[in-house]
Structure formats: C-alpha cells, structure tokens
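# Report on the structure
Each chain, letter by letter, is given below.
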Amino acid sequence: MKLANRGPVISAGILLGCGLGAFVDGILLHQLLQWHNMLSSVHAPVDLLSMKYNMVWDGAFHALAWFVTVLGVWRLWRAGKRSDVSWSTPTLVGAALLGWGAFNFVEGLIDHQLLGLHHVHPGAHELTWDLAFLGLGVLQTALGGVIMGLGSGDYRAPHSS
Amino acid sequence: MIERQHGRPTVSRVRKARWDSALAWAWTLALLEARPAQACPDCWVGRRARQWVFGDHFLHYLMAAVLPFLLVAALSALAGTLGRETGPRGDQVKR
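Residues numbered from 1 in each chain as written. Chains lettered and ligands numbered in written order. Predicted model: local features only at pLDDT ≥ 70, side-chain atom pairs only at ≥ 80, totals over all residues. Heavy atoms only, no water.

## Re helix α3 (residues 41-54) of chain B
Structural remark: α-helix, 3.6 residues per turn; residues separated by three or four positions point the same way. All names here are of chain B. Taking 1.5 Å of rise per residue, 14 residues should cover 20 Å, and α3 covers 20 Å from first to last C-alpha, within 8% of that figure. Listed as buried for α3 are V45, G46, A49 and V53. Each buried residue of α3 lies within a common arc of 100° when the element is viewed along its axis, so the set occupies one face. Exposed positions of α3 whose direction lies more than 90 degrees from the buried face are Q51 and F54. (Helix = DSSP H or I, 4+ residues; strand = E, 2+ residues; numbered from the N terminus. Expected span 1.5 Å × (residues − 1). Buried < 20%, exposed > 50% of the residue type's maximum accessible area, 1.4 Å probe, protein only. Arc of directions from axis to C-beta.)

What follows is the structure, encoded as structure tokens:
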C-alpha cells in the first residue's frame, strides 16, 4: 500500500464547498432572511423594478454557484475513477469547508469591503456584520485545514482489477 | 353588417367587411404590443429590469460576481496540481 494522492479530492472538495457555500449565502441571506441582494447597496430594492433588478443579479450569482458545483461533482467523479486517489471523508469534508470559507472570505473582501456592492446586514452595524462574515470565512478555512489534516495519513491500495 | 342584394352579399360590401375585420385584428395586435404594461404588467417590469441590468455597468458587475468564484476555482486547480506532485507515481491504474 502506498500513500494516496489527495490532490483530486481536495480540488473537488474546494469546488463543492465554494458552490454549495454560495448557495447557502444566496438561499439563506438573499432569499429567506432577505438581508441583502447582489447589488442591494448600489440599487436598494425599494420598489418592484429595483427588486427585479437585484433578482436578475441574484440569478447570475446562483448560476455561477450551480456551475462551480457541477464542476466539483465532475472533478469528484473523475477522482473516483483513479486508483491512486484517497477516498477519504476527512479530506473531502475538510476541503469543502476550506472552499466554503475561502469563498466567504474572498467574496466578503471584494463585494463587501472593496466594491461595496452589498453588505451582509445593511444598517447601523453593517461593518461589524461584514467583519464577522470575514472572520467566519477565516474560521471555516482554518477548521477545514485541520479536518483535512486528519485524512493526511490515508492509504489506498491500488485496484487489482 | 353585410348588406344583401337578391339574397347574396355584394362584392364591395364583402371586401369592406373583410378589410374592417383585418383592421380590427391589426389594431388589437398593435395595442397589445404598444401597451405591454397593461397586457402583462409583471412581464413588462421584468423586461425593464433586464434592460436596466444590461445597461448599467453590466461587465463591471459581472466581473465582480465572477471574481470570487474564479479565485476559489484557481485555488482548487492549484490544490489538484500540488496533490499530483506529492502523490505516488506509477500506480495510476484506471478501474
């Protein structure tokens, strides 16, 4: 038995975490709680037209999340066909959490802080919410790294058939 | 109303009736096209919102939406490459 290659599963896990994490953002914060929309700090959704404007951009965001998720599934499918790849649960779960955290951090940095397209919870304490979101991203990334480490010693015997 | 002469409609009256009918149909269509807000208010607002999206710094906002996904995808590709370098060699047998 040899030390397995974890790269393909990590790669797939990061993509899956990113896509599914973006869906959590879109479904929970955009739709269910309605805290913000994609461009709600540029054109606040205060009437039907501006609401539909933001709805179109939310649709674009969800389309990108769908595309990245499909890419992750495809990567995982390809990894599953390889004999040298570690089929390790901690590796996949950790990579997914890392991908989710990395997405939250990068998205928070670009869309919230740099461009100001929207804020997590607009209002009196929007900066606190934005910073907490960035902190959550860092925490998820670190925790994902730790969980991934649990699967670092995984072995996998090459398939005989 | 088509007038009849000896039980049969005159040609000119028939033509006029057809013309009137076509004109009414064209008017109805034109009114539907010219007043979409009344025909389907929700479709009309949606159409205006999409026009607004495409006319309002579309590429700039699209890049802003795509960039976070792109950066994480690049991280994923990097992770795949690193794994390939550190993994075992010579046993990549297909199932």
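## Points about the layout of surface pockets
Empty space among the atoms can be located by rolling a probe the size of a water molecule over them. Residues and elements named next belong to chain A. Taken as a whole, the largest pocket holds about 240 Å³ of empty space. In terms of lining, the largest pocket is formed by H30, Q31, Q34, W35, H36, N37, S40, P45, M51, M55 and D58. Those elements that provide at least two residues to the lining of the largest pocket are α1 (7-32) and α2 (48-80). Top element by residues in the lining of the largest pocket is α2. It accounts for three residues. Per-class residue counts for the lining of the largest pocket are four nonpolar, six polar and one charged. (1 Å grid on protein atoms, 1.4 Å probe; cavity = no way out; pocket = protein on both sides within 12 Å on 5 of 7 lines; lining within 4 Å. Points joined across faces, edges and corners; volume = space filled by probe spheres on them. Nonpolar A, V, L, I, M, F, W, Y, C, P; charged D, E, K, R; others polar.)

## A few points about the interface of chain A and chain B
With 46 residues of chain A at the interface, the matching set in chain B holds 37 residues. The largest share of the area that chain A buries against chain B comes from A:L49, A:Y53 and A:W57, three residues that together contribute 18% of it. At the junction of chain A and chain B, the tally comes to zero salt bridges. Taken together, chain A and chain B are joined by three residue pairs in polar contact (both at pLDDT 80 or more). Looking at the side of chain A that touches chain B, the elements that each hand over two or more residues are β1 (2-3), α1, α2 and α3 (89-114) of chain A. Of the residues forming the side of chain A that touches chain B, the biggest block, 13 residues, is contributed by α2(A). Class assignment of the residues belonging to the side of chain A that touches chain B gives a composition of 27 nonpolar, ten polar and nine charged. (Contact = heavy atoms within 4.5 Å. Buried area = accessible area lost by both parts, 1.4 Å probe. Salt bridge = Lys/Arg side-chain N within 4 Å of Asp/Glu carboxyl O. Polar contact = N/O pair within 3.5 Å; in protein donor to acceptor, adjacent residues only side chain to side chain.)

## Brief notes about the environment of A:Q31
Residues and elements named next belong to chain A. Along the chain, Q31 turns up in helix α1. Overall, Q31 belongs to the partly exposed group, its relative accessible area being 44%. Measuring from C-alpha to C-alpha, the distance between Q31 and M55 comes to 9.7 Å, with 24 residues separating the pair along the chain. Beyond its immediate stretch of four places on either side in the chain, Q31 contacts G26 and H62.

## A closer look at the packing of aromatic side chains
Residue and element names in this part refer to chain A. Counting across every chain of the model gives eight aromatic pairs over all chains. Taking 4.9 Å as the distance between ring centres and 65° as the angle between the ring planes, the aromatic pair formed by W35 and W129 counts as edge-to-face. With W35 in the loop between α1 and α2 and W129 in helix α4 (residues 126-150), the pair connects residues that are 94 residues apart, well separated along the chain. Owing to a relative accessible area of 26%, W35 belongs among the partly exposed residues under this scheme. (Phe/Tyr/Trp six-rings, centres within 6.5 Å; stacked < 30°, edge-to-face > 60°.)

## Quick word on the environment of A:I27
Residues and elements named next belong to chain A. Checked against the element boundaries, I27 lands in helix α1. Judged by its relative accessible area of 39%, I27 falls in the partly exposed class. When the C-alpha atoms of I27 and A132 are compared, they prove to be 19 Å apart, with 105 residues separating the residues in sequence. Discounting residues that sit within four places of it in the chain, I27 has contacts with L32 and H62.

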